[in-house]
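# Summary of structural features
Listed here are the chains, written in short residue letters.
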Amino acid sequence: MISRRLPGSFESNALSREIAAFRAQGRPFLDLTSSNPTRCGLPYPEAGILAALAAPSVLAYDPDPRGAARAREAVAAWHGVDPGDLVLTASTSEAYGWLFKLLCDPGDQVLVPSPSYPLFHWLAALEGVEARQVPALRTDRWDLDFQALAGAATPRTRAVVVVNPNNPTGQFLSREEWPRLLAFCAERGLALLVDEVFADYALEPAPDHLPTALGEADPPCPLFVLSGLSKIAALPQIKLGWIVARGAPARACLEPLAFIADQYLSVSAPALAAAGPLLALAPGIQAGLRARLASNLAALDAELARRPSLSRARVEGGWSAILRVPALEPGEDLALRLLREAGVLIHPGHFFDLPGDGHLVCSLLPADFPEGIGRVGKSIAPAGGK
Ligand SMILES: Cc1ncc(COP(=O)(O)O)c(C=O)c1O
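Now for a description of the structure that goes with this document.

Scoring rules and cut-offs
The residue count restarts for each chain, going from 1 along the sequence in the order it is written. At least 70 in pLDDT is required for a residue's local features to be given in this predicted model, at least 80 for side-chain atom pairs to be given and counted, and no such filter applies to totals for whole chains, interfaces and linings, which use all residues. Hydrogens and water molecules were not included; the side-chain quantities draw on all heavy atoms of the structure. Proximity is defined per residue: if any heavy atom of the residue lies within 4 Å of a molecule or strand, that residue is considered near it. Any pair of nitrogen or oxygen atoms within 3.5 Å is treated as a polar contact; in protein, a donor-acceptor pairing is required on top of that, and neighbouring residues in sequence qualify only through side-chain atoms on both sides. To be clear on the numbers: accessible area is Shrake-Rupley with a 1.4 Å probe, and residue cover counts the displayed protein chains and nothing else. Using a 1 Å grid laid over the protein atoms alone, points where a 1.4 Å probe fits but cannot get out form a cavity; open sets with protein on both sides within 12 Å along at least 5 of 7 lines form a pocket; any residue with an atom within 4 Å of a point counts as lining. If over half the atoms of a molecule are within 2 Å of the grid points of a cavity or pocket, the molecule is regarded as sitting in it. Secondary structure counts use DSSP, requiring at least four H or I residues in a row for a helix and at least two E residues in a row for a strand, with both numbered from the N terminus. Two residues qualify as a contact provided that any one of their heavy atoms is within 4.5 Å of a heavy atom in the partner residue. Grid points are joined across faces, edges and corners, and a volume is the space filled by probe spheres set on the points. Only Asp, Glu, Lys and Arg are considered charged in this grouping, and only Ala, Val, Leu, Ile, Met, Phe, Trp, Tyr, Cys and Pro are considered nonpolar; every other residue, Gly among them, is considered polar. Marked domain ranges trace back to an automatic or database domain assignment.

As a further point, take the site of the ligand. As a structural note, the neighbourhood of the ligand is formed by S91, T92, S93, Y117, V163, N167, D195, V197, F198, S230 and K231. At a separation of 2.7 Å, an oxygen atom of the ligand approaches a polar side-chain atom of T92. D195 is positioned such that a nitrogen or oxygen atom in its side chain is 2.6 Å from a nitrogen atom of the ligand. Expressed as a share of its isolated accessible area of 400 Å², the protein-covered part of the ligand is 88%. Counting atoms within 2 Å of the grid points, the majority share of the ligand lands in the largest pocket. For the shell around the ligand, the elements supplying multiple residues, two or more each, are helix 4 (92-103) and helix 8 (229-232).

Written as structure tokens, this is what we have:
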């Protein structure tokens, strides 16, 4: 009765079941997986946000499939692009759905260098599309493996999806990878989707990093850049995302994309009215959030300095960090143990397709991160990790 696009089972994993049990029993724990900025005690300009949502234009319905011109102008000014190259959506996740509808027939594929954002699998599957993971080359970073990408491409491949900087690795594309990626897509007639929701949060960028794909004015393949208020203004509850079409091949898709958008008209009037004023508040919100990321990263480093058997990957950007821990037990067992014994929730690396065990992923947003990471360190490497 139910479509094969959905999961065969909705059974939760052991870690989710344990979290549910903790909550049911009212047992407290420190959540180092929390990436909800509105629940991490960050300072927000509350009066300004509420005023932005109270514009008189919210009283009228003036549908425009691409999103109201004033909202597009505000987003275009933020990115330094043309408002005519934008389509607004209710979230970045919805933007993926629309792009998969635009580019793919059921049964087609998109290539996703992994590790990456786990939601791709279902966002693609729900459109009848396969998100084919292509493991990155693991050196001291996660480099795109062009040979593996070429091997994974089939006549039914329609696009490559990358995140810049990536989630959870935090890694930006490099300036060396970028022209190769464009050429790879152009040679095979593929579109390139670049998710830049975290682009404003560079923490330890490599000297040769590509800060944004938006600088590419004339790409040889259809290039779509995705972002939204959920990370740019740390306001996921507003529900405003967008797609920027870069270059002539992508611009040629704007009309069919607007056709898709017209079937939904999903961006609400308050989100459209507030786009400009909220983007004006974004630099201040970002400053508070960046200060939190930097202080939590410093707390992590202080903890790692005490525990030589633990280390971390460079956090080029984004809101999370990858810890390397001794691979003495399966990742899920370790996460369960940390929850039960230390009262700390942290993600095992395999949730994000990090290879093997020995990786944990934590959010750098929580206010109680220093306390939580101290408990993790003490639990995994009690005697200084020797
Ligand atoms: C890489 C990446 N893309 C997209 C999203 C979803 O953004 P939105 O809230 O706009 O759907 C997230 C959310 O965590 C993300 O990490």
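This next bit is on the side chain of T92. Within the fold, T92 resides in helix 4. Those residues in contact with T92, other than ones at most four positions away along the chain, are D195, V197, L226, S227, G228 and G241.

Moving on, we come to the layout of surface pockets. For the largest pocket, the calculated volume is near 710 Å³. Surrounding the largest pocket, 35 residues form its lining, S35, Y117, N167, F198 and K231 being those nearest its centre. Secondary-structure elements contributing two or more residues to the lining of the largest pocket are helix 4, helix 8 and strand 15 (359-363). Partitioning the lining of the largest pocket into residue classes produces 19 nonpolar, 13 polar and 3 charged. Residue assignment places the lining of the largest pocket across two domains, with domain 1 (14-44 + 282-380) and domain 2 (57-281) each supplying three or more. Quantified by volume, the second largest pocket comes out at close to 500 Å³. Taken together, the elements giving at least two residues each to the lining of the second largest pocket come down to helix 3 (69-79) and helix 11 (269-306). With 6 residues, the top contributor of residues to the lining of the second largest pocket is helix 11.

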